[in-house]
Amino acid sequence: MIPLSWYLIVAAAIFCIGIYGVLARKNAVGILMGIELMLNAVILNLVAFWRYLTPSLIGGQAFAVIVFAVAASEAAVGLALIISIYRRHSTVVADEINMLKW
Amino acid sequence: MTIAQIIFIAISAITVIASILVVASRNLVHAALWLVLSLAGVAVLFVLLQASFLAVVQVVIYIGAIAILIIFAVMLTRRVMRETKPQVNRYWWIGALAALLLFVTLVVILNQVPSAASSVSELPLPEEDLLSMLGTALVDVDGFVLPFEVASVLLLAALIGSLVIARPIKLDAEEGDEA
Amino acid sequence: MFGEAHMHDQWIFVAFFLPIGFIAAAVPIIAARILGPRKPNPVKLSTYECGVETVGDTWVQFKVQYYVFALIFVIFDVEAVFLFPWAVAYNQLQLYMVLEGVLFILILAAGLFYVWRKGALEWS
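Predicted model, so just to flag it, every value in this text is computed and none were measured.

### As for the overall build of chain C
A count of helical and extended segments in chain C gives four helices and zero strands. Along the chain direction, N to C, the helices and strands of chain C fall in the order α-α-α-α. Counting all 124 residues of chain C, 16% fall into the buried class.

### A closer look at the overall build of chain B
Within chain B, the regular secondary structure consists of six helices and zero strands. Starting at the N terminus and walking to the C terminus, you meet the elements of chain B as α-α-α-α-α-α. A burial count over chain B gives 39% of its 179 residues as buried. Sequence-distant contacts in chain B: of pairs separated by 6 or more residues, those separated by 24 or more amount to 47%.

### Here's the deal with the interface of chain A and chain C
The interface of chain A with chain C comprises seven residues on the first partner and eight residues on the second. Of the residues in the side of chain A that touches chain C, the class split is seven nonpolar, no polar and no charged.

### As for the packing of helix α1 (residues 3–24) of chain B against helix α2 (residues 28–48) of chain B
Residues and elements named next belong to chain B. Relative to each other, α1 and α2 sit at 155°, their axes nearing to 8 Å. The angle between α1 and α2 falls in the class roughly antiparallel. Seen from above, α1 lies across α2 with left-handed handedness. Facing α1, whose interface residues are Ala4, Ile7, Phe8, Ile11, Ile14, Thr15, Ala18, Ser19, Leu21 and Val22, α2 presents Ala31, Trp34, Leu35, Leu37, Ser38, Gly41, Val42, Val44, Leu45 and Leu48. Broken down by class, the residue content of the contact of α1 with α2 amounts to 16 nonpolar, four polar and no charged.

### Things to note about the interface of chain B and chain A
Frequently, the measure chosen for interface size is the accessible area removed from exposure when the parts meet. Contacts between the two partners involve 78 residues from chain B and, on the opposite side, 65 residues from chain A. If you list the elements that add at least two residues to the side of chain B that touches chain A, you get α1, α2, α3 (52–77), α4 (92–112), α5 (130–139) and α6 (145–166) of chain B. Sorting elements by how many residues they give to the side of chain B that touches chain A places α3(B) first, with 12 residues. Within the side of chain B that touches chain A, the residues separate by chemical class into 59 nonpolar, 16 polar and three charged.

### Observations regarding unusual backbone geometry
All names here are of chain B. Non-glycine residue Gln50 carries a positive phi angle of around 60°. Positionally, Gln50 belongs in the loop between α2 and α3. Among the residues examined, Gln50 registers 18 C-beta atoms within 10 Å and is labelled partly exposed.

### Some points on α3(B)
Between its terminal C-alpha atoms α3(B) stretches 36 Å, which fits the 38 Å expected from 26 residues at 1.5 Å a residue. Along its length, α3(B) shows its largest kink, about 25°, at B:Tyr62.

### Some details on the environment of B:Ala10
On the secondary structure map, B:Ala10 appears in helix α1. Distance from B:Ala10 to B:Gly41, taken between C-alpha atoms, is 9.6 Å for residues 31 residues apart in sequence.

### Details of the environment of A:Arg87
In this structure, A:Arg87 sits in helix α3 (residues 59–89). Between the C-alpha atoms of A:Arg87 and A:Ala72, which are 15 residues apart in sequence, the distance is 23 Å.

### Overview of the confidence of the model for chain B
Scored by pLDDT, chain B comes out at a mean of 83, with 84% of its residues at no less than 70. A low-confidence stretch, residues 171–179 of chain B (pLDDT under 50), is modelled with seven contacts involving residues beyond four sequence positions or located in other chains.

### A word on the environment of B:Leu131
Positionally, B:Leu131 belongs in helix α5. The class of B:Leu131 is partly exposed, set by 18 C-beta atoms lying within 10 Å. Residues B:Leu131 and B:Met1, spaced 130 residues apart in sequence, show a C-alpha to C-alpha distance of 31 Å. For B:Leu131, the contacting residues outside a window of four places in its chain are B:Phe53, C:Pro85 and C:Val88.

### So, helix α4 (residues 95–117) of chain C
Each α-helix turn comprises 3.6 residues. Residues three or four places apart therefore point the same way. Its 23 residues place the ends of α4(C) 32 Å apart at the C-alpha level, agreeing with the 33 Å of an ideal helix rising 1.5 Å per residue. Within α4(C), the full set of buried residues consists of C:Met97, C:Glu100, C:Gly101, C:Phe104, C:Leu108 and C:Gly111. Those residues of α4(C) hidden inside the fold are in contact with α5 and α6 of chain B together with α3 (64–88) of chain C. Immediately beyond the C-terminal end of α4(C), within one or two residues, lies C:Gly119, with a positive phi of roughly 80°.

### With respect to the confidence of the model for chain C
Residue and element names in this part refer to chain C. On average, chain C scores 82 in pLDDT, and the residues at 70 or more come to 81%. The spread of mean pLDDT over the elements of chain C runs between helix α2 (residues 42–45), the lowest at 77, and α4, the highest at 91. Confidence drops under pLDDT 50 across residues 1–5; counting only partners more than four residues distant or on other chains, this segment forms six contacts. Prediction confidence for the complex, expressed as pTM and ipTM, is 0.85 and 0.91 respectively.

### So, the packing of helix α2 (residues 28–53) of chain A against α2(B)
Look at α2(A) against α2(B): their axes get within 11 Å of each other, and the N-to-C directions meet at 5°. With respect to each other, α2(A) and α2(B) are oriented roughly parallel. Seen from α2(A), the contacting residues are A:Val29, A:Gly30, A:Met33, A:Glu36, A:Leu37, A:Asn40, A:Leu44 and A:Val47; seen from α2(B), they are B:Leu28, B:Ala31, B:Ala32, B:Leu35, B:Ser38, B:Leu39, B:Val42, B:Leu45 and B:Phe46. Here the contact of α2(A) with α2(B) is composed, by residue class, of 13 nonpolar, three polar and one charged.

The rules behind these values
Note that residues are indexed from 1 along each chain, following the sequence as it is written. Each chain takes a letter, starting from A, and each ligand takes a number, starting from 1, following the order in which they are written. The predicted nature of this model means local features are confined to residues of pLDDT at least 70 and side-chain atom pairs, given and counted, to a pLDDT of 80 or more, with totals for whole chains, interfaces and linings taken over all residues. Runs of E in the DSSP output that reach at least two residues are strands. Runs of H or I that reach at least four are helices, and both are numbered from the N terminus. For the exposure call, what matters is how many other C-beta atoms sit within 10 Å of a residue's own: 20 or more marks it buried, 12 or fewer exposed, and in between partly exposed, using C-beta atoms placed from the backbone. By the convention adopted here, residues are in contact when the distance between their C-beta atoms, placed from the backbone, does not exceed 7 Å. Gly falls in the polar group here, along with every residue not listed as nonpolar (Ala, Val, Leu, Ile, Met, Phe, Trp, Tyr, Cys, Pro) or charged (Asp, Glu, Lys, Arg). Axis lines are fitted through C-alpha atoms, for helices just across the contact stretch, and the angle between N-to-C directions can take any value from 0 to 180 degrees. Angle categories are assigned with fixed cut-offs, so that under 35 degrees is roughly parallel, over 145 is roughly antiparallel, 65 to 115 is roughly perpendicular, and the rest are oblique. Put simply, a crossing is left-handed when the front helix is turned counterclockwise from the back one by less than a right angle, and right-handed when it is turned clockwise. Helix span is expected to be 1.5 Å times the residue number reduced by one. By definition, a residue's bend is the angle between the axes fitted to the seven residues ending there and the seven starting there. How sure the predictor is of each residue is captured by pLDDT, a score from 0 to 100.

If you want it as structure tokens, here you go:
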């Protein structure tokens, strides 16, 4: 049998790799990929906890499905923003997108 | 070691390595393809967790839709990023340090949590069909009907919002910018 | 694992067919690599594009229109995922629950209507 902690460690690893991607990547699309990794780790955590602690309540799965919807919306809007910025300023480097900075 | 454990270790190794390649590869198209592999690995983990529906959803939404969207976005914006330049910013080592520290902290905490995280075996699944249970729960007044409808509104807002943001620029009376 | 074999049973087929799928795709490629004679020359190695000279880079810029279509697809893909369990549970639902699902569809139909009226579904 697989202990719950194994799933949690894998999810933590994916989450931390995603954090590194968000913090270190220059390209805004790369940053978004890091965010997707983090969200996926969160969903893995949710499902693992559902399976090991409350499999008789379907809430865990419903929660995961809602997170899927949020992830899809986030990716759609985020990428639309990146494309819009690219068309207006010809850059996708997050450091160069500083129109709102003083 | 049981068969399930061996499968789990192999799949998680593939998933974690693919995730590392997502953040490490210089070519963003390759990064997106590694992202697909990583997401597929998580889908297999869902199968091991006996959440079949979520495994299918993972493939349909994440691999079939979000990863494709990311690849399209890379294709749309790739002209400015040359792969020869470094793809990380000046403070990448701080990011690496923060991620590593967080991972170590999480593992240490995980070892100290008394009962919940140390459960070794799955509890038995309910007798009924999980999928129709989920379907009923999503539209039940005592269940998740509010998140269900709010998700619909969220998707509507995301659709309209991103369409307005991403529309071709010539509709914004700013012609000639698209060359 | 084998205590709850009934659940994993369905996936054992997938586990069997996955390698078969990979092999079926890999065998022609590897066979062509091994069996095919290779006498390259510059003309043979050049990119074939309807017989005319190729223009520009391999990595061309995509049109934004592609992204708009992908975006609409993503949203309605997620809608399908929500509706699938609802449709599976249809026989166990009361009337008001069915109507909630219909409301879900109607809200997103408004989005489809907006997209259609804005002309985003047309290829320009």
